[in-house]
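# Fold and geometry: a report
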Amino acid sequence: MLRHPIRALALAMGLILAQLVTATSSQAQVELDLRDADLRSFVQIVSEATGRNFILDPQVRGTVTVLAPQGLAPDALYEVFLSVLELNRLTVVDGGSVARIVPMTVARELADGTSLPGDSAGFETRVIKIHHISLDEVITVIRPLLPAEAVITPVPGAGLLILSDRGKNHRRIAKLIARLDQPKDDTIELIRLSNANAAEMVGVVENMGLLRGGATISVDRRSNALIVSGPDEVRDTVRALVSKLDQRGTVTTSAVEQLNYADSAALADVVLRSFSDQTEQGQLVRIVPEPQTNTLLITAPRDMMRDITAMVRHLDRRPTQVLVEAVIFELSVEGYSDLSSQFAGVINNAIVGGVQFSLEGRPSLTSLISAAVNGEVVNPGDGGVIGGGNQSGDNAFFGFISALASTSSVRLLSTPSIMTLNNQEAEIVVAQNVPFVTGSYTSTGDGANPENPFQTIERRDVGLTLNVTPQINADKTVRLLIKQEVSNLTRTASAAGGEITARRALSTTVLVRDGNVIMLGGLLENESGATSKKVPGISKAPLIGGLFRGKSATKNQSVLLVMLRPRVINSEAEGQRITRQVAKDTRKASLALQPADSHLYPNTPNAALPFDGNNLNQPFEAGFIDDVAQSRNLPPLPARLPITR
């Protein structure tokens, strides 16, 4: 029993109708009204309507629905037939008198490579020649336009593409490839050689098989160049090969570079480190410094020698100098005042009562009474003193009142200056070398007197020390690493022994513009103190209470200011100008300090700097000129040593 009687009836009627129409005339219109008809039956209808023979693959199965109520000519019916096969992933492979209907996945194995006339929808395999562009570029463009069943295979050595696809797609793909495969205007490139021979290079390129896709290569002997024509990848490959082969042979040469300003040992190390990569690659570079003549002996490949000598000459330039001027100003004021009264009574040569205070700078009452009793000279100390005494036998009475107000001040103004090269440390020391006891040793023998005593002494500079390292920057600023110290003796001994020294020091790094003044440090110190001594109780009594009190007060003030000014000296003329100005200032200062000559015996010697403001060599020649001839305005005697100017 049929499950779909209506579908079977429609198929039978369609077959009867198609046979009637075909029997009438081969050019008659074919009307189709197929709904879910079997695909094999539809192939039979097309075969009878068009007169074509078909062989069906066992995998050809399925149903088809075709509606053509207006009728179709045989050729049109065949086009519809091919479309139906394509929808069912089937195709026709032409085999002469009999065509094969197979799945598309199998058709590429059966296609014989023969192109069918017209726009055949059958599966074909064609060979396409590529002339100007690379095969990879063509495949990249057309691959997205092909169905999954199509197969495209490149043949790089011959510049060919093998395409297996339906006939209709072949014409479309061929037109697209024809538009892409156009000659380029920039396919000819001239590659010049510097060291290798161009004719020999052509043989190397041809033997390696680098010319693909119609690429050619020739030689231009006049310019020793290669003329390459072809795809971009071929020209890039040839260019890369030529760059590796066109190398100069290593030729070692030597040179001697005399240095004017730089240190040969330091400069040799710097230059060698800059060419360390070439040394690691096997190129020999040797730079030997000769310190006695400050010369560099250079051995290097010829192609590197120019760069090495150019670097040495660039670094061997006149260094810039810096004049560092400092001003150190210090003012200290010390004030002291005291007021005290001291008295005592003596009975039978013993002190039985009195008032005594021990104040700074004052003797004690006991020492004064002992001196008076023994008939010695009495020294009551500085300031005002009123005192008296009475002695009768072993009994005595002494007393005094003292008052003192003192002020001492010290002013120190130092202007040290020092000149140094850029990035070079410089130090100036203006000080006394003072011995300080650091230890002692005494060996004691059998007697009462020690044997072999000795002391260890360390000498230290006490005065002014200035240490500076300048660095000149590109923006006309100077970076200064400064260490400065000012010390002096206080003329005061410590409890442990030895004199106490006052020390003011700073260590800093500053940045200041050329010619500007900067303050490095400042100190304002204000110190005050008081000492009060009294007898409890009675010191508060009116009127007489002052006899039982003693008091001293101190007030100290100090000001310290350190200022600095760097001046960059770029040329010899600028250095001479500054030196001449400093010499003039020194001449004026020495004339101001020189004592006046009374023209009486003995004569006051001339202590001024021998400089008239013009010739800077005069201070060096001053010791070689006869003083008598100079004082009498006679022609001076010739210098003992020749002066080179």
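Whatever comes next refers back to the structure up there.
Residues numbered from 1 in each chain as written. Predicted model: local features only at pLDDT ≥ 70, side-chain atom pairs only at ≥ 80, totals over all residues. Heavy atoms only, no water.

## Section: the nonpolar core
Here is the rule we go by: We call a set of buried Ala, Val, Leu, Ile, Met, Phe, Trp, Tyr and Cys residues a nonpolar core when their side-chain atoms join them within 4.5 Å. With a 1.4 Å probe rolled over the protein chains alone, any residue whose accessible area is under 20% of its type maximum counts as buried; one over 50% counts as exposed, and the rest are partly exposed. Secondary structure is summarised from DSSP: a helix means a run of H or I of at least four residues, a strand means a run of E of at least two, and numbering begins at the N terminus for each. Pairs of residues are marked as contacts when any of their non-hydrogen atoms sit within 4.5 Å.
Leu32, Phe42, Phe54, Phe81, Val92 and Ile101 are the most contacted members of the largest nonpolar core, which totals 26 residues. Looking at this core, the elements that each hand over two or more residues are β1 (30-38), α2 (39-50), β3 (63-72), α3 (74-87), β4 (90-93) and β5 (98-103). Beyond its immediate sequence surroundings of up to four residues, phenylalanine 54 is in contact with Val43, Val46, Ser47, Tyr78, Phe81, Val98, Ala99 and Ile101. Val322, Ile328, Ala426 and Leu506 belong to the second largest nonpolar core, which has 21 residues in total.

## What to know about a nonpolar patch on the surface
Operational definition: The patch calculation keeps residues exceeding 30% relative accessible area without a salt bridge and links them within 9 Å when they carry like charges or within 5 Å when they are nonpolar (Val, Leu, Ile, Met, Phe, Trp, Tyr). Accessible surface area values rest on a Shrake-Rupley calculation with a 1.4 Å probe, where residue burial reflects the displayed protein chains alone. Throughout this description, the term salt bridge denotes a Lys or Arg side-chain nitrogen within 4 Å of a carboxyl oxygen of Asp or Glu.
A cluster of nonpolar side chains, namely Leu339, Ile386, Ile401, Ile538, Leu543, Ile544 and Leu547, defines an oily patch on the protein surface of about 720 Å² accessible area. The residue leucine 543 is located in the loop between β24 (518-534) and β25 (549-569) in this model.

## A few points about the pattern of salt bridges
Applying the stated rule across the entire model yields 11 salt bridges. Arginine 239 is the partner of aspartate 236 in a salt bridge, and the nearest nitrogen-oxygen pair spans 2.9 Å. You can see aspartate 236 and its partner arginine 239 sitting in helix α8 (residues 232-245), three residues apart, about one turn around the helix. A residue is classified by how much of its surface remains accessible, and aspartate 236, at 40% relative accessible area, is partly exposed. The closest approach of N and O atoms between arginine 273 and aspartate 269, which form a salt bridge, is 3.2 Å. With arginine 273 and aspartate 269 both in helix α9 (residues 264-274) and four residues apart, this pair spans about one turn of that helix. For aspartate 269, a relative accessible area of 42% gives the class partly exposed. When salt bridges that share partners are traced, they join Glu189, Arg235, Asp236 and Arg239 into one network.

## Thoughts on the environment of valine 102
Following the sequence through the fold, valine 102 ends up in strand β5. Distance from valine 102 to glutamine 59, taken between C-alpha atoms, is 7.3 Å for residues 43 residues apart in sequence.

## A word on the layout of surface pockets
What counts, and what does not: Using only the protein atoms, space was sampled on a 1 Å grid; points where a 1.4 Å probe fits but cannot get out form cavities, open sets with protein on both sides within 12 Å along at least five of seven lines form pockets, and lining residues are those with an atom within 4 Å of a point. Grid points are joined across faces, edges and corners, and a volume is the space filled by probe spheres set on the points. We call Asp, Glu, Lys and Arg charged. Ala, Val, Leu, Ile, Met, Phe, Trp, Tyr, Cys and Pro are nonpolar, and the rest, Gly among them, are polar.
Roughly 1100 Å³ of volume is contained in the largest pocket. At the level of secondary structure, the elements contributing two or more residues to the lining of the largest pocket comprise β15 (321-347), β18 (395-414), β20 (426-444), β21 (450-472), β22 (477-493), β23 (499-513), β24 and β25. With seven residues, β22 is the single largest residue contributor to the lining of the largest pocket. Tallied by class, the residues present in the lining of the largest pocket amount to 15 nonpolar, 13 polar and seven charged.

## Let's talk about the sheet that holds strand β14 (residues 295-301)
The test is simple: Two strands are said to pair when DSSP picks up at least two bridges between them. As a rule, the C-alpha atoms of each element are fitted with a line to give its axis, helices using only the stretch in contact, and angles between N-to-C directions run from 0 to 180 degrees.
Spatial strand order, β12-β14-β13: three strands in an open sheet with antiparallel pairing. The open sheet terminates on both sides in strands that have one partner only, identified here as β12 (252-258) and β13 (286-290). Adjacent strand axes in the sheet meet at a mean angle of 15° when their direction is disregarded. Summarising the sheet, β12 and β14 pair through seven bridges and their orientation is antiparallel. For threonine 253, the partnering residue across the bridge sits in β14 and is alanine 300. Along the sheet, α9 makes contact with β13 and β14, crossing β13 at roughly 170°. Each of β12, β13 and β14 touches helix α11 (residues 302-315); the most contacted strand, β14, lies at about 150° to it.

## Some thoughts on the sheet that holds strand β9 (residues 188-192)
Taken in spatial order, the three strands of this open sheet run β9-β11-β10, and their pairing is antiparallel. Unpaired on one side and paired on the other, β9 and β10 (216-220) mark the two borders of the sheet. This sheet shows a mean twist of 25° between the axes of neighbouring strands, independent of strand direction. Where β10 lies against strand β11 (residues 225-229), five bridges are found, and the strand directions are antiparallel. Residue pairing for β11: threonine 216 is matched across the bridge by serine 229. Contacts from helix α7 (residues 198-207) reach β10 and β11 within the one sheet, and its direction differs from that of β10 by about 170°. Lying on the sheet, α8 is in contact with β9 and β11; it crosses β9 at an angle near 0°.

## So, the side chain of aspartate 246
Just so we agree on the cut-off: Any pair of nitrogen or oxygen atoms within 3.5 Å is treated as a polar contact; in protein, a donor-acceptor pairing is required on top of that, and neighbouring residues in sequence qualify only through side-chain atoms on both sides.
Its location among the elements puts aspartate 246 in the loop between α8 and β12. Here serine 194 takes part through its backbone nitrogen, which lies 2.7 Å from a polar atom of the side chain of aspartate 246. Those residues in contact with aspartate 246, other than ones at most four positions away along the chain, are Arg192, Leu193, Ser194, Asn195 and Ala196.

## Examining the packing of α7 against α8
For clarity, the threshold we go by: We call two directions roughly parallel when the angle between them is under 35 degrees, roughly antiparallel when it is over 145, roughly perpendicular when it lies between 65 and 115, and oblique otherwise. Here a crossing is called left-handed whenever its near helix is offset anticlockwise from the far helix by less than a right angle, and right-handed whenever the offset is clockwise.
Where α7 meets α8, the axes come as close as 11 Å, and the angle between the chain directions of the two elements is 130°. When the interaxial angle is binned, α7 and α8 end up oblique. Considering only the axes of α7 and α8, their crossing is right-handed. Where α7 approaches α8, its residues Met201, Val204 and Val205 are matched on the opposing element by Val238, Leu241, Val242 and Leu245. Among the residues making up the contact of α7 with α8, the classes are represented as seven nonpolar, no polar and no charged.

## Quick word on unusual backbone geometry
The backbone of asparagine 224 shows a phi angle near 50°, a positive value even though the residue is not glycine. Inspection of the secondary structure puts asparagine 224 in the loop between β10 and β11. A residue is classified by how much of its surface remains accessible, and asparagine 224, at 23% relative accessible area, is partly exposed. For lysine 476, which is not glycine, the phi torsion reads 65° and is therefore positive.

## Description of the packing of α2 against α3
Running from N to C, α2 and α3 point in directions that differ by 155°, and their axes come no closer than 9 Å. As judged from the angle between their axes, α2 and α3 are roughly antiparallel. Judged by the sense of rotation from one axis to the other, the crossing of α2 with α3 is left-handed. Between α2 and α3, the contacting residues are Leu39, Phe42, Val43, Val46, Ala49 and Thr50 on the first element and Pro74, Leu77, Tyr78, Phe81 and Val84 on the second. For the contact of α2 with α3, the per-class residue count stands at 10 nonpolar, one polar and no charged.

## Here's the deal with the environment of isoleucine 538
Relative to the elements of secondary structure, isoleucine 538 occurs in the loop between β24 and β25. For the pair isoleucine 538 and arginine 549, spaced 11 residues apart in sequence, the C-alpha to C-alpha distance is 9.3 Å. Non-local contacts of isoleucine 538, meaning those with residues more than four positions away in its chain, are made with Gly545 and Phe548.

## Comments concerning α2
Stated formally: In this analysis, the expected span of each helix is defined as 1.5 Å times one less than the number of residues it contains.
Over its 12 residues, α2 runs 16 Å from end to end, which matches the ideal 16 Å to within 8%, given 1.5 Å per residue. For α2, every residue scored as buried is listed here: Leu39, Ser41, Phe42, Val43, Ile45, Val46 and Ala49. Directly after α2, the chain includes glycine 51, whose backbone phi takes a positive value near 75°.

## Points about the side chain of arginine 504
Relative to the elements of secondary structure, arginine 504 occurs in strand β23. Among the polar contacts listed, one links the side chain of arginine 504 to the backbone oxygen of alanine 502, at a separation of 3.2 Å. Other than its neighbours up to four places away in sequence, arginine 504 contacts Glu330, Gln484, Glu485, Val486, Ser487, Asn488 and Leu560.

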